[in-house]
Structures are given as C-alpha cells and as structure tokens.
Amino acid sequence: CMAERLKEEILNREKMVDILAGPDAYRDLPRLLAVAESGQQAANVLLSLDETYADVMPVQTSASATSAFVSIMRGCDNMCSYCIVPFTRGRERSRPIASILEEVKKLSEQGLKEVTLLGQNVNSFRDNSEVQFNNAVPTNLSRGFTTNYKTKQGGLRFAHLLDQVSRVDPEMRIRFTSPHPKDFPDEVLQLIHERDNICKQIHLPAQSGSSRVLEAMRRGYSREAYVELVHHIRESIPGVSLSSDFIAGFCGETEEDHVQTVSLLREVQYNMGFLFAYSMRQKTRAYHRLKDDVPEEVKLRRLEELITIFREEATKANQTSVGCTQLVLVEGLSKRSATDLCGRNDGNLKVIFPDAEMEDVNNPGLRVRAQPGDYVLVKITSASSQTLRGHVLCRTTLRDSSAYC
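Rules behind the numbers
- Numbers given to residues run from 1 along each chain, matching the order in which its sequence is written.
- Only residues with pLDDT of at least 70 get local features here, since the model is predicted, and only at 80 or more are side-chain atom pairs given and counted; chain-wide, interface and lining totals rely on the full set of residues.
- Calculated side-chain values reflect all of the structure's heavy atoms, with hydrogen atoms and water omitted.
- UniProt positions are given in the numbering used here, feature names are shortened, and annotations may be inferred rather than shown by experiment.
- Note on classification: 1.4 Å probe, protein chains only; a residue is buried when its accessible area is under 20% of the maximum for its type, exposed when over 50%, partly exposed between these limits.
- A run of H or I in DSSP counts as a helix once it spans at least four residues, and a run of E counts as a strand once it spans at least two, with each numbered from the N terminus.
- Contacts: residue pairs with any heavy atoms within 4.5 Å of one another.
- Two strands make a pair as long as DSSP finds a minimum of two bridges between them.
- For helices, the fitted line uses only the C-alpha atoms of the stretch in contact; every axis is such a line through C-alpha atoms, and the angle between N-to-C directions lies from 0 to 180 degrees.
- Only buried Ala, Val, Leu, Ile, Met, Phe, Trp, Tyr and Cys residues count toward a nonpolar core, and they belong to the same one when joined by side-chain atoms within 4.5 Å.
- Like-charged residues are merged into a patch within 9 Å and nonpolar side chains (Val, Leu, Ile, Met, Phe, Trp, Tyr) within 5 Å, provided each residue has over 30% relative accessible area and no salt bridge.
- Where accessible areas are quoted, they stem from the Shrake-Rupley method and a 1.4 Å probe; at the residue level, only the protein chains shown are allowed to cover.
- Each reported salt bridge corresponds to a side-chain nitrogen of Lys or Arg within 4 Å of a carboxyl oxygen of Asp or Glu.
- In this scheme Phe, Tyr and Trp rings, the latter by its six-membered ring, pair at centre separations within 6.5 Å, and the angle between planes marks the pair as stacked below 30 degrees, edge-to-face above 60, and tilted otherwise.
- The rule is short: NZ of Lys or CZ of Arg within 6 Å of the ring centre and within 35 degrees of the ring normal puts a charge over the ring.
- An angle below 35 degrees is read as roughly parallel, one above 145 as roughly antiparallel, one from 65 to 115 as roughly perpendicular, and any other as oblique.
- Residues are grouped as follows: nonpolar covers Ala, Val, Leu, Ile, Met, Phe, Trp, Tyr, Cys and Pro; charged covers Asp, Glu, Lys and Arg; every other residue, Gly included, is treated as polar.
- The arc in question is the one traced by the directions running from the helix axis out to the C-beta atoms.

The chain appears in an unreviewed UniProt entry as Mitochondrial tRNA methylthiotransferase CDK5RAP1 from Gorilla gorilla gorilla. Regarding the chain, the UniProt comment filed under Sequence similarities (unreviewed entry) reads as follows: "Belongs to the methylthiotransferase family. MiaB subfamily."

A few points about helix H6 (residues 158-168)
Buried within H6 are the following residues: Phe158, Ala159, Leu161, Leu162, Asp163, Val165 and Ser166. Check the buried side of H6 and you find it contacts helix H5 (97-109), strand E6 (114-118), strand E8 (156-157), strand E9 (173-177) and helix H7 (186-194).

A short note on the sheet that holds strand E12 (residues 272-277)
Read across the sheet, 3 strands follow the order E10-E11-E12 without closing on themselves; strand pairing throughout is parallel. For this open sheet the edge positions go to strand E10 (201-203) and E12, each flanked by a neighbour on one side alone. Ignoring strand direction, the axes of neighbouring strands in this sheet form an average angle of 10°.

Topic: the nonpolar core
General note: in soluble globular proteins, nonpolar side chains tend to be found buried as a group. Counting residues in each nonpolar core, the largest one holds 67 residues, and the members touching the most others are Ile72, Leu117, Phe158, Leu162, Ile202 and Tyr270. Excluding its chain neighbours within four sequence positions, the residues that come into contact with Phe158 are Ile72, Leu117, Val122, Asn123, Phe125, Phe176 and Val188. Val328, Val368, Ala383 and Leu388 belong to the second largest nonpolar core, which has 16 residues in total.

Quick notes on the pairing of strand E15 (residues 350-354)
Across 5 bridges, the pairing between strand E14 (residues 337-344) and E15 is antiparallel. Bridge pairing in E15 places Asp340 opposite Pro354. Counting the residues between successive antiparallel strands, the hairpin from E14 to E15 contains 5 residues, one of them, Asn348, with a positive phi of roughly 75°. Two elements, E15 and strand E19 (residues 387-396), share 3 bridges in a ladder whose sense is parallel. Among the inter-strand pairings, Lys350 is bridged to a residue of E19, identified as Thr387.

Topic: the UniProt feature "domain: TRAM" (unreviewed entry) in the chain
Summarizing the sequence annotation, UniProt attributes the feature "domain: TRAM" (unreviewed entry) to residues 319-394 in the numbering used throughout. Measuring from the first to the last C-alpha atom of residues 319-394 gives 22 Å, for a span that is 1% helix and 64% strand.

Side note on unusual backbone geometry
The peptide bond linking Thr177 to Ser178 adopts the cis configuration, its omega dihedral lying at 0°. Mapping Ser178 onto the fold places it in the loop between E9 and H7. With a phi angle near 55°, Met79 is a residue other than glycine that sits in the positive phi range. Tracing the chain through its elements places Met79 in the loop between strand E4 (73-74) and helix H4 (85-88). The backbone of Lys283 shows a phi angle near 80°, a positive value even though the residue is not glycine. On the secondary structure map, Lys283 appears in the loop between E12 and helix H11 (285-289). We classify Lys283 as partly exposed; its relative accessible area is 35%.

A word on a nonpolar patch on the surface
A grouping of Tyr26, Leu29 and Leu33 is seen on the molecular surface, where their side chains present a nonpolar patch of about 250 Å² in accessible area. Here Tyr26 shows up in the loop between strand E1 (19-21) and helix H3 (29-37).

Observations concerning the packing of aromatic side chains
Scanning all chains against the criterion turns up 8 aromatic pairs. Seen in terms of ring centroids, Tyr26 and Tyr53 are 5.1 Å apart; in terms of plane orientation they differ by 15°. Their pairing is stacked. A residue pair is termed long-range when its members are at least 10 positions apart, and Tyr26 in the loop between E1 and H3 and Tyr53 in the loop between strand E2 (42-44) and strand E3 (67-71) qualify at 27 residues. Its relative accessible area of 10% is what places Tyr53 among the buried residues. Among the aromatic side chains, those forming a connected cluster through ring pairs are Tyr82, Phe250 and Tyr278. Positioned above the aromatic ring of Tyr149, the side-chain terminus of Lys152 is 4.6 Å from the ring centre.

Remarks on the packing of helix H9 (residues 223-236) against helix H10 (residues 255-268)
Close contact between H9 and H10 brings their axes to 12 Å; oriented N to C, the two are set at 10°. One way to sum up the angle between H9 and H10 is to call them roughly parallel. Taking contact as the criterion, the partners of Arg223, Tyr226, Val227, Val230, His231 and Arg234 in H9 are, on H10, Gln260, Ser263, Leu264, Glu267 and Val268. Across the contact of H9 with H10, the residue classes break down as 5 nonpolar, 3 polar and 3 charged.

Focus: H7
Residues of H7 that are buried include every one of Val188, Leu189, Leu191 and Ile192, and no others. The arc that holds the buried residues of H7, viewed along the axis, is 160°, so those residues lie on one side. Packed against the buried residues of H7 are H6, E9, E10 and H9.

Here's the deal with the sheet that holds E9
A sheet is described by the order of its strands in space; here 3 strands give the open sequence E3-E6-E9, paired in parallel fashion. Unpaired on one side and paired on the other, E3 and E9 mark the two borders of the sheet. Across the sheet, the axes of successive neighbouring strands diverge by a mean angle of 25°, strand direction being ignored. Pairing of E6 with E9, which is carried by 5 bridges, proceeds in the parallel orientation. Considered in E9, the bridge of Glu114 is made with Arg173.

Structure, rendered in structure tokens:
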C-alpha cells in the first residue's frame, strides 16, 4: 500500500527509487521497466475497480513449502474511520470462483497441504462475474451487525466458495484471513463445523471493547453484538480457536474505554492476538474528522497492559489443550532446536515436539520420521501464550485423525 500512499514523497525526497507500482499496476510492469531503463522515473499507482489478477497464477518457488496463500478478493468497502486500506487498495472486487479453484487444484497437485484464502475483507467475497450469479438474494450478516454501505445483492458468496475449495482435496487444510465480524452468517459457521479440512480457527478482529469507541471507528457493531457473536461461534463450532486485533489509544479513547477493552480480553480469552498502538493515517476519516488526542506515552502504557492481559488469558486458553491429542501439520525443524520439529495445529498455534521415530498409521509396523508436509498426532504436554509442546504419537492423515482427536 505504501506506493499508493506516499507516491510523491518516495519519488521526490529519496531520489533512490526508479519504479513505483501500486497494487493494481503489476500488469504495467513491463512498460514501467522500459521507462526506467531509458533513465526516467516510472510510476503507476492508479487503483482499479475490477483488477483481481484472476488469470495470473503465482509460481511456487519453495520446494519444501507445505502451505500457500491464495488471493480471492482485493480492496475493502467498510471504510472504518482509522483504516487506510480502502484508499490504498481500492473498492472490493472478487476473483471468479473458477480461477480460485484452478489455483487450489494446482497447489494440491504440487503436494501442498494447506491453503489460506486471502483478502482485505475475505468473508465478504462475492463473485458476480457471470450473469446467472446476479440474483436478488441479499447478503446475510452476523446477527446485530450493520454495514457502512448499501447491502449488496446477488453473486456467489463466501460460503459457496469455502464449500467448493474444501472439496478439492480432503487432505488439504483450508484457512482464511482477514475477515470482518459482520460477515459470519450461520451457513459459513455450519460449513466450518461440518468439514474436517476447514480449520476450526476464526480471526475475529474486535479493535476495541468499548461500544463508544467502536462507533467512532465505524465498525458497525456494539460490544454486546460482538460478544453475542463470540458465544454463537463457540456454540456452532465446539473447540474453535479465536484470534483478534486490537488498537490501543484510538481518538478520544478514555481510561474507561480502555478498561472495557481489558475486560473483553478477559471475557473472550483469545488463543492468539495482534495488538497495536493507534497511528493516524492521512486520507482516513479519522484524519479528517477526529483528533488524535491520546498522548503517545498513554497509548504505549495501554498497549503494554493489553499485551500482558492477552498473554495471561491466552496461556489459560491454550493450557486446556494439555493432555489432549492434536493433529499437527509438520513445517520443519524448530528454529530454536535442531532436535525438535515444528508444526501447526488446527487452531494455527505453533506446536513443538521432539524429532523421533514413530509408527505410520497406514503402514502398521513401519517406523518413520516426520517430514515437512506430514500430518502427525501429538500429545500436548505443556502450553504458553504462543506455543504448545508435546510428544509425537504417530504419522496419520487428516481424514483418519478424527478418530483420535
């Protein structure tokens, strides 16, 4: 996004940049390169209403990769007051489902075991590339949530895409990020619950625990609606892992607002979290209409408090896994120990376990060592706010693991 946001500054102040290409200008790179080779600076940061690069298939360059990202939509229409994305990535537009499925099939054929569907607002996906998709069916939102734009009608929605992608390869895990809480209708939650290969992990960005601040942020929900959604998700998907984003020190945030965010962290008890101090961005609604009036030292203090509380609660949440057997997709050696392997469980938490011989469930009597891309069962023996540890039981498949987990 930086090329679009800081175009003049990058070109004129630094004098070190030859080419500036915005997120929708990649097809223009050959021309930009030609201009630069002639000794001139070249720039294209124009945003598009329809560019999705649907016909451009990424090349996998890592032979040992176990997972890949698949872009399914670009841009965002939510216009949250703090966010620069609509101005640097443009309006929402989605790739045709057929091109997404083609990419996922190729990744499966290459032996990858996990794909993450990507988008700035991934679960508002809406494929209206074919005339027959454009019916009058309205968008279903999470209960108690609203949009900052006129409700969209027609198109193939995220639940349809998730259903189709999960059918490509039953041995391939499916994740998605980053979603907006408003776009979790029951059909999406039901699908996550039903399909073994759709990970039982949901990123649910709250941003604040104060309804007053959420209104200033233009998030489209109250604290009460958010908490109700959390309860509904946990009822619909037993054992689901939740993560979230929080901003400390947004415009006008009082100490009472901060206390409410602290209490939300304690109430929900997230497994993972991404927490930041507020930083004003030009072009945003907050820049034009609100005042960045929380002192920097107060923002940092509040952020530290949120991080401390998050870690305490995440440790408690993750310790419920101790004694349980979990399916882990092996990624490779642990960065901290050459005798340990590292992988991720269904909830996307890192799991560390000794590199030891084990039985292969599908080949009784055969002793093997886990390789990147293998599914293994690990019995969890300890947990922290960010990592689980355990010992490996056996190598298995995603389909067979449900009998043990």
